[in-house]
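So the chains spell out like this:
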Amino acid sequence: MKNILLQNFNISDFQKDLINWYQANKRDLPWRKDQDPYKVWVSEIMLQQTKVDTVIPYFHCFISNFPTVEALAAADQQDVLKSWEGLGYYSRARNLQNAVREVVASYDGVVPDNPKELGDLKGIGPYTKGAILSIAYNKPEPAVDGNVMRVFSRLFYIEDDIAQPKTRKLFEAYVREVIDHDDPSSFNQAVMELGAIICTPKSPACMLCPVQEYCQAFSEGVQENLPVKKKAKKQRKIPYVALLIRTPEDKYVIEKRSSDGLLADLWQFPMVPVGEIGYSHIESWFYQEYGISLNMKDHAGKLKHVFSHLIWELEIYHAEAELTTVEDERLRLVAKEDIANYPFPVSHQKMMVHLNTV
DNA sequence: AAACCGGGGAT
DNA sequence: ATCCCAGGTTT
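Below or above, wherever it landed, is the structure these notes cover. On a predicted model such as this, the values are computed, not experimentally measured, just so you know.

## What to know about the overall build of chain A
Phase 1: Within chain A one finds 15 helices and seven strands.
Phase 2: Each principal axis of the C-alpha atoms in chain A carries an extent, and together these give about 80 × 50 × 30 Å.
Phase 3: Residue pairs at least 24 apart in sequence account for 67% of intrachain contacts in chain A once pairs closer than 6 positions are excluded.
Phase 4: If you sum the accessible surface of chain A, you get close to 18,200 Å²; carbon and sulfur atoms cover 47% of it.
Phase 5: The positive charge centre, built from 41 side chains, and the negative charge centre, built from 48, are 5 Å apart in chain A.

## A few points about the protein's contact with DNA strand B
Phase 1: The environment of DNA strand B is made up of 21 residues, and the closest members are Tyr89, Tyr90, Leu262, Leu263 and His309.
Phase 2: Sugar and phosphate atoms constitute 65% of the interface atoms of DNA strand B, taking the interface as everything within 4 Å of the protein.
Phase 3: Leu262 is positioned with one of its backbone polar atoms (N or O) 3.3 Å from a phosphate oxygen of DNA strand B.
Phase 4: His305 places a polar side-chain atom, nitrogen or oxygen, 2.9 Å from a phosphate oxygen of DNA strand B.

## So, the packing of helix 2 (residues 37–46) against helix 6 (residues 91–106)
Phase 1: One can describe the packing of helix 2 onto helix 6 by two numbers: an axis separation of 10 Å at closest approach and a directional angle of 160 degrees. Judged by the angle between their axes, helix 2 and helix 6 are roughly antiparallel. The hand of the helix 2/helix 6 crossing is right-handed. For the pair helix 2 and helix 6, contact is made by Tyr38, Trp41, Val42, Ile45 and Met46 and by Arg92, Leu96, Ala99, Val100 and Val103, respectively.
Phase 2: Looking at the contact of helix 2 with helix 6 residue by residue, the class counts come to nine nonpolar, no polar and one charged.

## A closer look at the packing of helix 9 (residues 146–155) against helix 11 (residues 184–197)
Phase 1: Relative orientation of the contacting elements helix 9 and helix 11 amounts to 80 degrees, with a least axis distance of 8 Å. In terms of orientation, helix 9 and helix 11 fall into the roughly perpendicular class. Contact residues: Asn147, Val148, Arg150, Val151 and Phe152 in helix 9; Phe187, Val191, Met192, Leu194, Gly195 and Ala196 in helix 11.
Phase 2: A per-class count over the contact of helix 9 with helix 11 returns eight nonpolar, two polar and one charged.

## Description of the environment of Glu85
Phase 1: Looking at the element boundaries, Glu85 is found in the loop between helix 5 (77–84) and helix 6.
Phase 2: In this structure Glu85 comes out as buried when scored by relative accessible area, which is 18%.
Phase 3: C-alpha separation for the pair Glu85 and Asn147, spaced 62 residues apart in sequence, amounts to 26 Å.
Phase 4: Apart from residues no more than four positions distant in its own chain, Glu85 is found in contact with Tyr58, Tyr90, Tyr342, Pro343, Phe344 and Gln349.
Phase 5: One polar contact links the side chain of Glu85 to the main-chain amide nitrogen of Phe344, over a distance of 2.7 Å.

Basis of the calculations
- Residues numbered from 1 in each chain as written.
- Chains lettered and ligands numbered in written order.
- Predicted model: local features only at pLDDT ≥ 70, side-chain atom pairs only at ≥ 80, totals over all residues.
- Heavy atoms only, no water.
- Helix = DSSP H or I, 4+ residues; strand = E, 2+ residues; numbered from the N terminus.
- Contact = heavy atoms within 4.5 Å.
- Areas by Shrake-Rupley, 256 points an atom, 1.4 Å probe, with all protein chains shown as cover.
- Lys, Arg positive; Asp, Glu negative; His and termini not counted.
- Charge placed at Lys NZ, Arg CZ, Asp CG, Glu CD.
- Near = heavy atom within 4 Å.
- Polar contact = N/O pair within 3.5 Å; in protein donor to acceptor, adjacent residues only side chain to side chain.
- Axes fitted to C-alpha atoms, helices over the stretch in contact; angles between N-to-C directions.
- Parallel < 35°, antiparallel > 145°, perpendicular 65-115°, else oblique.
- Left-handed = near helix turned anticlockwise from the far one by under 90°.
- Nonpolar A, V, L, I, M, F, W, Y, C, P; charged D, E, K, R; others polar.
- Buried < 20%, exposed > 50% of the residue type's maximum accessible area, 1.4 Å probe, protein only.

Next comes the structure, spelled out in structure tokens:
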């Protein structure tokens, strides 16, 4: 690709101004203490759709629990999910462990340093592949995330819809044009740091920008209008009755979710899809589904939990069941103080405050 | 291409 | 309420 840049865009000066700013202003982040490819990898997976401040404590805990590729490969999946609890997008944790096991089995525990092998690992897409190759191995590969698309859309006045998958390829072409081959690690991180600190979605700090003189959007005064992004659809609402089912031995019924789909392999309190069956059929539905007779008790509260693509509206009820054991493989009877040993989604963590109220 | 997949923080 | 965050996988 050629002729995508303005003739007066001096690439070398741009690289120098950007990287000098980065070296002087970069944040002291735990995954920047060395270039261990495993730690870079873990940080990049955690940072997908997740803010730096949210990731930092999880990163410390995760690396402490699983310091090496070998340690993570040998770990129990439930322990990995427990370390991921609250971070969201739990398939990231499952894919990361699967990929790490592949690295141990096929690559002698060494994270691959080439696009083909790296990109074939579970959970490593175009962005993460480029991030690991550039940051850990200093290879001049693009790592285009939301920051890069925002910064470059303004620098080069690109009006393509960044919500469309094909648009990422356009930005990768721009990065290949302007990336610094002497220090691709600093270059890619500098663009992302600029997007996080200066070139923010709203009210960008253009007066502090080290590359303001190169920015076409700033020169036209349209930086607030970029990038262009199509609006997302509204989430659909799904009503459930969530049940805090107590047994005569003062244990509670919890359920392990399916291994695929939403919140895979996490635990929850049983839920009845009341929108499909109606409130009058809760006990019969539950008996048909689990073979357990419920005695419905008090209404404990309600909560709304918003996901990226749907909304749970939970009505929380106490219930009793005359159980000492459970047959269903999904279910388990657990004392209140042992519930914390299982990975729960945040929505059901919020329900635990009601465990004391009856 | 569009849908699915979490949770939190800023505005 | 709305947006977006160091995105990837599945359909």
